[in-house]
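So the chains spell out like this:
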Amino acid sequence: MVESAMLKDFKEFALKGNVLDMAVGIVIGAAFTAVVNSLVADVITPPLALIQPDAKTFDDFNLALGGGTVIKLGSFINHVIQFTIVAFAIFLVVRAVNRLRQPAPVVPTRECPYCITAISPKATRCPHCTSELPSA
């Protein structure tokens, strides 16, 4: 079967490690978000619903401004709590990954005396200006 160039390019792109890692991250992130939403809606905010006796859940905590205008304060606070938990978890993951990363090795260089380009200390000619270099 003959593949079109576009399909071949897409296949190469989709099967790269970074894309697969990103897809796994998105799926895990969605699952984690569902768990956080449940934690906030089912565990953290139900006791807060006691503030307003006629509210069944904290989502029902509203401020009536009159004329049928209502500020859904409980729903907003739920979303703020969810965002804070997810953002903190992402911060912890990024912090842990950054600690595990090895710093890039420092490659020794010297400067070409003619064009001031960084070059290998073993070079006999500058790759940039092609000048013959004095021995190091």
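Higher on the page you've got the structure.
Residues numbered from 1 in each chain as written. Predicted model: local features only at pLDDT ≥ 70, side-chain atom pairs only at ≥ 80, totals over all residues. Heavy atoms only, no water.

Turning to the side chain of Gln82, a few remarks are in order. Mapping Gln82 onto the fold places it in helix 3 (residues 73–100). With residues up to four places along the chain from it excluded, the contact list for Gln82 reads Val36, Asn37 and Val40. (Helix = DSSP H or I, 4+ residues; strand = E, 2+ residues; numbered from the N terminus. Contact = heavy atoms within 4.5 Å.)

On to the pattern of salt bridges, then. Following the criterion strictly, the structure yields 1 salt bridge and no others. Arg125 is paired through a salt bridge with Glu132; the nearest N and O atoms lie 3.5 Å apart. According to the relative accessible area criterion, Arg125 is partly exposed, its value standing at 48%. Taking the relative accessible area as the measure of exposure, Glu132 reaches 56% and is therefore exposed. (Salt bridge = Lys/Arg side-chain N within 4 Å of Asp/Glu carboxyl O. Buried < 20%, exposed > 50% of the residue type's maximum accessible area, 1.4 Å probe, protein only.)

Our next topic: helix 3. End to end, helix 3 covers 41 Å across 28 residues, agreeing with the expected 40 Å (1.5 Å per residue, within 8%). Taken residue by residue, helix 3 has Gly74, Ser75, Asn78, Gln82, Val86 and Ala89 as its buried positions. (Expected span 1.5 Å × (residues − 1).)

Cys112, Ile119, Ala123, Cys126 and Leu133 form the largest nonpolar core, which has 5 residues in total. Setting aside chain neighbours within four positions, we find Cys112 in contact with Thr117, Ile119, Cys126, Cys129 and Leu133. (Core = buried A, V, L, I, M, F, W, Y, C linked by side-chain atoms within 4.5 Å.)

Among the structural elements, Pro53 can be located in the loop between helix 2 (17–44) and strand 1 (63–66). On the basis of relative accessible area, Pro53 is assigned to the exposed category, the value being 78%. Residues Pro53 and Leu100 lie 47 residues apart in sequence; the distance between their C-alpha atoms is 50 Å.

Below, the discussion takes up the environment of Val86. Mapped onto the elements, Val86 comes out in helix 3. C-alpha separation for the pair Val86 and Asp54, spaced 32 residues apart in sequence, amounts to 30 Å. If near-sequence neighbours (up to four positions away) are discounted, Val86 is found in contact with Phe32, Thr33 and Val36.

Quick look at a nonpolar patch on the surface now. Side chains of Leu7, Phe10 and Phe13 sit close together on the surface and give an oily, nonpolar patch of about 320 Å² of accessible area. In this structure, Phe10 sits in helix 1 (residues 5–14). (Patch = residues over 30% accessible without salt bridge, like charges linked within 9 Å, V, L, I, M, F, W, Y side chains within 5 Å. Areas by Shrake-Rupley, 256 points an atom, 1.4 Å probe, with all protein chains shown as cover.)

Summarising the sheet, strand 1 and strand 2 (residues 69–71) pair through 3 bridges and their orientation is antiparallel. Residue pairing for strand 2: Ala64 is matched across the bridge by Val70. Here strand 1 hands over to strand 2 after 2 residues, with Gly67 in that stretch at a positive phi of 65°. (Pairing = 2+ DSSP bridges.)

Looking now at the state of the cysteines. Each disulfide consists of one covalent bond between the sulfur atoms belonging to two cysteines. All told, the structure shown has 0 disulfides when counted by the stated rule. Cysteine Cys115 shares no disulfide, and the gap to the nearest cysteine sulfur, in Cys126, comes to 3.5 Å. Using a relative accessible area of 2% as the deciding quantity, one classes Cys126 as buried. (Disulfide = S-S within 2.5 Å.)

Before going further, it helps to examine unusual backbone geometry. Within the chain, Ile116 stands out as a residue other than glycine whose phi angle is a positive 60°. Checked against the element boundaries, Ile116 lands in the loop between strand 3 (110–111) and strand 4 (118–119). With phi around 60°, Thr130 is a residue other than glycine that occupies positive phi space. Counting through the fold element by element, Thr130 comes out in the segment after strand 4.

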